[in-house]
Amino acid sequence: MKTIQKFALSAGAAVVLLGAAGCENMSQRDKSMAIGAGAGAVGGAVLTGGSALGTVGGAAVGGVIGNEVGKNKK
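Before going into details, it helps to say that this report is about the structure given with it. Within each chain, residues carry numbers counting from 1 in the order of the written sequence. The predicted origin of the model limits local features to residues at a pLDDT of at least 70 and limits the giving and counting of side-chain atom pairs to 80 or more, whereas totals for whole chains, interfaces and linings rest on all residues. Calculated side-chain values reflect all of the structure's heavy atoms, with hydrogen atoms and water omitted.

Examined against the element boundaries, lysine 71 turns out to sit in helix H3 (residues 52-71). Relative accessibility under 20% of the residue-type maximum defines a buried residue, over 50% an exposed one, and the middle range a partly exposed one, all with a 1.4 Å probe and only protein chains included. A residue is classified by how much of its surface remains accessible, and lysine 71, at 40% relative accessible area, is partly exposed. In the structure, lysine 71 is positioned 39 residues away from serine 32 in sequence and 8.7 Å away in space, judged by C-alpha atoms. Each polar contact in these results corresponds to two N or O atoms within 3.5 Å; when the atoms are within protein, one needs to be able to donate a hydrogen and the other to accept it, and residues that are neighboring in sequence are counted only if both atoms are side-chain atoms. Side chain to side chain, lysine 71 and glutamate 68 meet in a polar contact 3.0 Å long. Helix and strand assignments follow DSSP, with helices taken as H or I runs no shorter than four residues and strands as E runs no shorter than two, numbered in order from the N terminus.

Next comes the structure, spelled out in structure tokens:
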């Protein structure tokens, strides 16, 4: 695996673990959006070789998808 991909996956995992501690008061929809944004950012970084634009774009798309998925959960 390339170094940038290892870094992106490690950074994504760290963000998810650290961010989970602050999710106690979040709604299910907010949690889904945050998870989607994190996963999208990691996916965007991996697919574009660490490009900032790819990472931000992936986070935006993942956040929108997570928001829509979380809308139906109660």
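This next bit is on the packing of helix H2 (residues 28-47) against H3. Contact geometry for H2 and H3: axes closest at 6 Å, N-to-C directions at 150°. For the element pair H2 / H3, the angle class is roughly antiparallel. Remark: the crossing between H2 and H3 carries right-handed chirality. Mapping the contact onto sequence places Arg29, Ser32, Met33, Gly36, Ala37, Gly40, Ala41, Gly44 and Ala45 in H2 and Gly54, Thr55, Gly58, Ala59, Gly62, Gly63, Gly66, Asn67, Gly70 and Lys71 in H3. Gly counts as polar in this scheme, as do all residues outside two lists: the nonpolar Ala, Val, Leu, Ile, Met, Phe, Trp, Tyr, Cys and Pro, and the charged Asp, Glu, Lys and Arg. Looking at the contact of H2 with H3, its residues break down into five nonpolar, 12 polar and two charged. Angles shown run from 0 to 180 degrees and are taken between the N-to-C directions of axes, each axis being a line fitted to C-alpha atoms and, for helices, limited to the stretch in contact. Should an angle fall under 35 degrees it is called roughly parallel, over 145 degrees roughly antiparallel, and 65 to 115 degrees roughly perpendicular, with every other angle called oblique. Here a crossing is taken to be left-handed if its near helix is turned anticlockwise relative to the far helix by less than a right angle, and right-handed if that turn runs clockwise. Every residue pair with non-hydrogen atoms within 4.5 Å of one another is taken to be in contact.

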